Amino acid sequence: MTRVLAVANQKGGVGKTTTTVNLAAALALAGLEVLVVDLDPQGNASTALGLDHHSGTPSTYEVLTQDLPLEEIVQSCPEGEGRLWAAPATIDLAGAEIELVSLVAREGRLDRAIQAYVEHHREVRGRDLDFVIIDCPPSLGLLTLNAFVAARELLLPIQCEYYALEGVSQLLATVDLVRRHLNPRLEVGAVLLTMYDGRTRLSAQVVQEVRGHFGDRVLPTVIPRSVRLSEAPSYGQTILAYDPTSSGALAYVDAARELVGTAHSDRAPG
Ligand code: ADP
Ligand code: MG
C-alpha cells in the first residue's frame, strides 16, 4: 500500500521542504520507491531535487487546474538511484490558489491525480509506489487543502524556536474539518522537530513542550541545525548526496527509518 504524506505547517521556514526532500532521498536510498509532489509555488523542493522548473515547464499547476495526468509532469530525480521521482512546481502555481476556487471538485483534484499515478506506477513498475510526499506551501489555502484530501498522514515539522507551537492549534482545527467533511482517513502521522540547537536551553524546552503536546507521535530523532543542510539545495542536491556523513544527513536517515516504522492505521485520530 502506498503511504501518502502531506508535509505541512502554515508557518514558513520551519523545515517543510528540507524535510520533504531529505526524507524522500533517504527512503529511496533505503530501497523504497518515492514520489515527491511540490505544491509550493516557490518550487524549493524542485530546486533541491535538481528538477527543471522554469515557468512554462509542465507542473503541478497544470495537474491541478487542467487535469493533466501526473505522469506527464513527473521527472526522475538525478539522485535516488532510479527510485525517486518528483512532480515540479513553477511560479505558475501561485495563480492556482485563486483559479481553483471556480473549478468543480476543487479540493479533490490532487487526490484524484495521485490515485491515478499510483495505478500508473504499478502498471509500469510492476510494484506499488511506497511513499508519496507532498511539500505544502506556508498557508492553509486550497493548495494545502488539496494535500490534506490526498493524504492519509500529516507530517508536521516543528522548528525548535520561539513560538514553536504558534499556529499549531489552527492547523489541527483544519485537519479536523477536513476529517469531518472531506477525508475521514486523515490523521496526524508524525511530528518532526527541526533545527535543534543543542547549545541552547530554548531548543531543549521546545522539544519538551512538543513531546508533552503530541506524545509518541513525535519522532525520536530530532533534526539538528546544520549549515550543510541549508547549503545542499544551492547545488541541486539533497543532503544525502551533498554530504552523506554530516549530522543532518544521518538525522534524516534515522528519521526516515522511524517513519517507516510508525504504525499508522490503528491509532486514535488526532
Ligand atoms: P519551509 O519549507 O517550511 O519554508 P525550509 O525547509 O525551506 O522551510 O527551511 C527554511 C530555511 O531554513 C531554508 O533556508 C533551509 O535551508 C534552512 N534549514 C532547514 N532546516 C535546517 C536545519 N536543520 N539546519 C539549518 N538550516 C535549515
Ligand atoms: Mg518550503
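Up top is the structure.
In this numbering scheme, every chain counts its residues from 1 along its sequence in written order. Chain labels run from A onward and ligand labels from 1 onward, assigned in the order the entries are written. Only residues with pLDDT of 70 or above have their local features reported here, since the model is predicted, and side-chain atom pairs are shown and tallied only from 80 upward, although totals for entire chains, interfaces and linings are computed over all residues. To obtain the side-chain values, all non-hydrogen atoms of the structure were used and water was disregarded.

Enquirer: Would you mind going over the packing of aromatic side chains with me for this structure?
Expert: Any pair of aromatic rings gets described here by the distance separating the centres and the angle formed by the planes. Aromatic pairs are defined between Phe, Tyr and Trp rings, using the six-membered ring for Trp, whenever the two ring centres lie within 6.5 Å; interplanar angles under 30 degrees are classed as stacked, those over 60 as edge-to-face, and all others as tilted. Across all of its chains, the model carries two aromatic pairs by this definition. With 5.0 Å between their ring centres and 20° between their planes, Tyr235 and Tyr242 make a pair best called stacked. Buried, partly exposed and exposed residues are distinguished by accessible area as a fraction of the type maximum, computed with a 1.4 Å probe on protein chains only: under 20%, between the cut-offs, and over 50%, respectively. Judged by relative accessible area, which is 55%, Tyr235 ranks as exposed. Exposure remark for Tyr242: the relative accessible area of 18% places this residue in the buried category.

Enquirer: Got a minute to help me understand the pairing of strand 5 (residues 131-135) in this structure?
Expert: Note on strand geometry: in a regular strand, side chains alternate between the two faces of the sheet. A run of DSSP states H or I qualifies as a helix once it reaches four residues; a run of E qualifies as a strand once it reaches two. Both are numbered from the N-terminal end. With five of its five residues buried, strand 5 lies for the most part within the structure. Where burial is concerned, the two faces of strand 5 agree: the one with Phe131, Ile133 and Asp135 and the one with Val132 and Ile134 are both buried. For two strands to count as paired, DSSP must find a minimum of two bridges between them. Two elements, strand 1 (residues 3-7) and strand 5, share five bridges in a ladder whose sense is parallel. Paired with Leu5 across the two strands is Ile133, which belongs to strand 5. Pairing analysis gives five bridges linking strand 2 (residues 34-38) to strand 5, with the strands arranged parallel. Within the sheet, the bridge partner assigned to Leu35 lies in strand 5 and is Val132.

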